[in-house]
Amino acid sequence: MIYPIVKYGDPVLEKPAATITKFDDELRQLVDDMFESMYAAHGVGLAAPQIGISKRIAVIDVTFKEDPEAKIVLVNPEIIHVEGRITSNEGCLSIPEFREKVTRARKVTARGQNLKGETFEVTGEELLARALLHETDHLNGKLYISHISALKRDMMKRKIRKMVKAGEW
Ligand SMILES: [Zn+2]
């Protein structure tokens, strides 16, 4: 099932999501639906709050279907190591039509659980590192715009408010 993507302004995006304790068929279905919803929205990462579900699950595929092995499911993830700095354009499915330069770690290791509840670690560089940080942030109620300057963020918020008023958001 394809879920609609929740947009900036919805409080679900700005509150910490709940820890997953049950690794059952319902979770597996939700993860399938999240991949489907992410691909439908042309994204390379999606966190459950972005479909209105405040649970600590994220899916990532930086190859966008090119490599089935590149699909990553992260349950209850946390960032355990960061290295280096790199600035690159970043966007979010929940803040469509905007992109901003964001400086983040170049190499990142996340620890999380898989669909069986087993703990594993994943290390990524550049785009994957960025995705691991961006999606883990989502589960903590944090959006990428918290990493840009207050001035740019305020400009963005003003534009969004106008779009909301015009019924374009
Ligand atoms: Zn996002």
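All residue numbers here refer to positions counted from 1 along the written sequence of the relevant chain. Only residues with pLDDT of at least 70 are given local features in this predicted model, and only at 80 or more are side-chain atom pairs given and counted; all residues enter the totals for whole chains, interfaces and linings. Computation of side-chain values covers all heavy atoms of the structure but excludes hydrogens and water.

Structural notes on the coordination of the zinc ion
Ideal geometry at a metal gives 109.5 degrees between four tetrahedral donors and either 90 or 180 degrees between six octahedral ones. Only C92 (SG), H134 (NE2) and H138 (NE2) from the protein coordinate the zinc ion, and they sit 2.0 to 2.2 Å from it. Each metal's donors comprise the N, O and S atoms found within 2.8 Å of it (within 3.2 Å for Na, K or Ca). Water is not part of the atom list, so some coordination spheres may appear incomplete. Along the chain, the residues donating to the zinc ion fall in the pattern C-x41-H-x3-H. Within this pair, whereas C92 is found in the loop between strand 4 (86–90) and strand 5 (100–104), its partner H138 is found in helix 2 (residues 127–139), the two being separated by 46 residues in sequence. Each residue is placed in one exposure class: buried if its accessible area under a 1.4 Å probe, protein chains only, is under 20% of its type's maximum, exposed if it is over 50%, and partly exposed if it falls in between. Exposure remark for C92: the relative accessible area of 10% places this residue in the buried category. Secondary structure is summarised from DSSP: a helix means a run of H or I of at least four residues, a strand means a run of E of at least two, and numbering begins at the N terminus for each.

Regarding a positive patch on the surface
Patch construction takes residues with relative accessible area above 30% that form no salt bridge. Like charges are linked within 9 Å, and nonpolar side chains (Val, Leu, Ile, Met, Phe, Trp, Tyr) are linked within 5 Å. Using a 1.4 Å probe, the Shrake-Rupley method yields the accessible areas, and only the shown protein chains count as cover for residues. By definition here, a salt bridge exists when the distance from a side-chain nitrogen of Lys or Arg to a carboxyl oxygen of Asp or Glu is within 4 Å. His residues and chain termini do not enter the charge count, which takes Lys and Arg as positive and Asp and Glu as negative. To locate a charge, the coordinates of NZ of Lys, CZ of Arg, CG of Asp or CD of Glu are taken. Among the surface-exposed residues, R158, K159, R161, K162 and K165 lie close enough to one another that they form a single positively charged patch. With respect to the secondary-structure elements, R158 resides in helix 3 (residues 150–165).

A word on the pairing of strand 6 (residues 107–113)
Burial analysis of strand 6 places five of its seven residues in the buried class, the great majority of the element. Any two strands are treated as partners once DSSP identifies two or more bridges connecting them. Where strand 3 (residues 72–83) lies against strand 6, six bridges are found, and the strand directions are antiparallel. Residue pairing in the sheet places V75 in a bridge with Q113 of strand 6. Looking at chain direction, strand 6 and strand 7 (residues 119–125) are connected through seven bridges and run antiparallel. When the bridges of strand 7 are listed, V108 appears paired with G124. Remark: five residues form the turn of the hairpin made by strand 6 and strand 7, two consecutive strands paired antiparallel; G117 in that turn has positive phi of roughly 90°.

Some points on helix 3
With 16 residues, helix 3 ought to run about 22 Å at 1.5 Å a step, and its terminal C-alpha atoms sit 22 Å apart, in line with that. Within helix 3 the residues assigned to the buried category are M156, I160 and M163. Within helix 3, the buried residues cover an arc of 55° as seen down the axis, which keeps them to one side. Relative to its buried face, helix 3 has exposed residues pointing more than 90 degrees away, namely L151, R161, K162 and K165. Residue contacts follow a heavy-atom distance rule, with two residues in contact if any of their heavy atoms lie within 4.5 Å. Those residues of helix 3 hidden inside the fold are in contact with strand 5. Count one or two residues on from helix 3 and you reach G167, which has phi positive near 70°. Any helix carries an expected span of 1.5 Å times its number of residues minus one. In this description, one arc is meant: the one made by directions from the helix axis to the C-beta atoms.

Topic: the pattern of salt bridges
Per the stated rule, a full pass over the model turns up eight salt bridges. We note a salt bridge from R104 to E90, for which the minimum N-O separation is 2.7 Å. You can see R104 sitting in strand 5 and its partner E90 sitting in strand 4, a full 14 residues away along the chain. For R104, a relative accessible area of 5% corresponds to the buried category. Three or more residues are tied together by salt bridges with common partners; here these are E90, R104, R130 and D137.

Overview of the packing of aromatic side chains
Centres within 6.5 Å make a pair out of two Phe, Tyr or Trp rings, where for Trp the six-membered ring is used; the pair is then stacked when the planes are under 30 degrees apart, edge-to-face when over 60, and tilted otherwise. Throughout the structure, instances matching the rule amount to three aromatic pairs. Between F98 and W169 the ring centres are 6.4 Å apart and the planes differ by 65°, which places this aromatic pair in the edge-to-face class. Remark: W169 occurs in the segment after helix 3 and F98 occurs in the loop between strand 4 and strand 5; sequence separation between them is 71 residues. The class for F98 is buried, based on a relative accessible area of 12%.

Re helix 1 (residues 25–40)
The end-to-end C-alpha distance of helix 1, which contains 16 residues, comes to 22 Å, matching closely the 22 Å that a straight helix rising 1.5 Å per residue would cover. Residues of helix 1 that are buried: L27, L30, V31, D33, M34, F35, S37, M38 and Y39. Where the residues of helix 1 are buried, they touch strand 1 (45–47), strand 2 (57–60) and strand 3. Trailing helix 1 by a residue or two, H42 shows a phi angle of about 60°, which is positive.

These values are about where atoms sit, not about what they do.
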